[in-house]
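# Secondary and tertiary structure notes
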Amino acid sequence: MRLHVIGAGKVGRSLAKAYRASGGKVGYLVNRTLVRAEESVRSVGAGVPLVFDDLKTPKFDGILAITVTDREIESTAKLLENCDITRVSFVFHASGYADSRILRGLCKPYASVHPIFAFGRVVEPRELQGVYYDISGDEKGLEYASNFVRALRGVPLPVDERGKKVLHLAAVIVSNFGLTLMSQAERLCHTAGIDVGDQFLKLVYSTLANVEKVGVKNAATGPVVRGDWAVVKAERELLRELDPDFVDLYDKLVEMTRREFCAECA
Ligand SMILES: NC(=O)c1ccc[n+]([C@@H]2O[C@H](COP(=O)([O-])OP(=O)(O)OC[C@H]3O[C@@H](n4cnc5c(N)ncnc54)[C@H](OP(=O)(O)O)[C@@H]3O)[C@@H](O)[C@H]2O)c1
């Protein structure tokens, strides 16, 4: 079945590449400008460039992947209602938050197919092996969604519409906010003239390796977990000098870390 990508950005291009690597055919790759659409074709290594303004021209078939930004999904679905989609078998969007039912108006099996993965760039198909995708939708849509995810060598994870929102919130906390803290930590080092290079990358890798080996609950280290309160207090004072706005969050994180991981403090 052919895959058409409406909004060929990081996720759209990555999924198209992986689908192609699995032996699937890639059809139209749709962007706002022809330059971007041609770039999409080069990036995926297949497909036909198309712009949103020409969406009514082709006869779509197979699978429609709507991978525009979340705020544009509904309006894009409305646009597609006026296109020739009679031969389309399945339509999905990739948002972790948006309800799958916003695609109901297209009168096709529908689903939300959300990769639990950070696409900071277009990724290679092998990087998507074993990735979980939460899926929700109508009965037929879920069947198509599972087959699509398995074709990409991923793992489908059926969830209800509320469950997917909770999962997305949790994913934002662990992935996006983890990065915010990393960037903040690098900035603190810069105030002391220290270039961290890839030190923190290695530090975070070591933390993740511990999580992999012994699980989150047993992987925690650091002064709060050890109950070294003099260090925690002294570092709070240092932070107050360097970045007073950060102190409230520091206090909150110390308290949460204490509750989660400090067995002696319970
Ligand atoms: N990034 C992630 O880590 C991630 C993970 C899981 C799921 N998702 C979901 O995947 C979807 C796409 O995210 P992404 O990270 O791939 O975003 P992206 O790289 O910014 O790509 C967004 C695509 O939407 C198009 N677009 C943007 N504004 C538009 C508008 N006003 N009208 C029509 N098209 C517009 C862009 O077209 P041009 O290329 O022409 O600008 C681009 O092709 C979202 O629903 C997101 O929630 C993202």
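The structure we're discussing is the one just above.
These numbers come from a predicted model, not from an experiment. (Residues numbered from 1 in each chain as written. Predicted model: local features only at pLDDT ≥ 70, side-chain atom pairs only at ≥ 80, totals over all residues.)

### Let's talk about the sheet that holds strand β4 (residues 59–66)
Across a sheet, strands are paired by hydrogen bonds formed along the backbone, either parallel or antiparallel in direction. In plain terms, the rule: By the convention used here, strands pair only if DSSP detects at least 2 bridges between them. Starting at the N terminus, helices and strands are each numbered in turn, a helix being any DSSP run of H or I of at least four residues and a strand any DSSP run of E of at least two. Inter-axis angles, ranging from 0 to 180 degrees, are taken between N-to-C directions of lines fitted to C-alpha atoms, where helices are fitted over the stretch in contact. Each residue is represented by a C-beta atom placed from its backbone, and any two residues with such atoms within 7 Å are regarded as in contact.
The sheet built from eight strands is open, its strands ordered β3-β2-β1-β4-β5-β6-β7-β8 with mixed pairing. What marks the edges here is a single partner per strand, and that holds for β3 (48–51) and β8 (155–158). For this sheet, the mean inter-axis angle between neighbouring strands, taken without regard to orientation, is 30°. The sheet contact formed by strand β7 (residues 132–137) and β8 spans four bridges and is parallel. Looking at the pairing, I135 lines up with P158 of β8. Packed on one face of the sheet, helix α3 (residues 73–81) meets β1 (2–6), β4 and β5 (84–93) and runs near 175° to β4. In the packing of helix α5 (residues 161–191) onto the sheet, the strands contacted are β6 (110–115) and β7, and the crossing angle to β7 comes to about 150°.

### A closer look at helix α1 (residues 10–21)
Quick note on the threshold: Residue count minus one, scaled by 1.5 Å, sets the expected span of a helix. Any residue surrounded by 20 or more other C-beta atoms within 10 Å of its C-beta is treated as buried, while 12 or fewer makes it exposed and the intermediate range makes it partly exposed; C-beta atoms here are placed from the backbone.
Between its first and last C-alpha atoms α1 spans 17 Å; for 12 residues at 1.5 Å apiece the expected length is 16 Å, and the two agree. Where burial is concerned, most of α1 is hidden: nine out of the 12 residues are buried. Inspection of α1 places V11, G12, R13, S14, L15, A16, K17, A18 and Y19 among the buried residues, and these make up the whole buried set. Buried residues along α1 sit in contact with β1, β2 (25–31), α2 (34–44), β4 and α4 (139–151). Just beyond α1, the residue with positive phi is G23, at close to 100°.

### Brief notes about the site of the ligand
Put simply, the test is: In this text, near has one meaning. A residue is near a molecule or strand if its C-beta atom, placed using the backbone, is within 6 Å of it. Lys, Arg, Asp and Glu make up the charged group, whereas Ala, Val, Leu, Ile, Met, Phe, Trp, Tyr, Cys and Pro make up the nonpolar group; the residues left over, Gly among them, are polar.
In the vicinity of the ligand there are 24 residues, among which G7, G9, V11, N31 and R32 approach most closely. Tallied by class, the residues present in the shell around the ligand amount to nine nonpolar, 10 polar and five charged.

### Some thoughts on the environment of P156
Checked against the element boundaries, P156 lands in strand β8. As for P156 and A145, which are separated by 11 residues in sequence, their C-alpha atoms are 7.8 Å apart. With residues up to four places along the chain from it excluded, the contact list for P156 reads Y133, I135, A145, S146, V149 and R150.

### So, helix α6 (residues 199–214)
The terminal C-alpha atoms of α6 lie 23 Å apart, and with 16 residues this matches the ideal 22 Å at 1.5 Å per residue to within 8%. Within α6, only zero of the 16 residues are buried, leaving the element largely exposed. G215 sits one or two positions beyond α6 and adopts a positive phi of about 85°.

### Observations concerning the packing of α1 against α2
Where we set the bar: Roughly parallel refers to an angle under 35 degrees, roughly antiparallel to one over 145, roughly perpendicular to one between 65 and 115, and oblique to any angle outside these ranges. Crossings are assigned a handedness: left-handed for a near helix turned anticlockwise from the far helix by less than a right angle, right-handed for a clockwise turn.
Packing of α1 against α2 brings their axes to within 9 Å, and their N-to-C directions diverge by 40°. With respect to α2, the element α1 is oriented oblique. When the axes of α1 and α2 are compared, the crossing they make is right-handed. Between α1 and α2, the contacting residues are R13, A16, K17 and R20 on the first element and S40, S43 and V44 on the second. Here the residues of the contact of α1 with α2 sort into two nonpolar, two polar and three charged.

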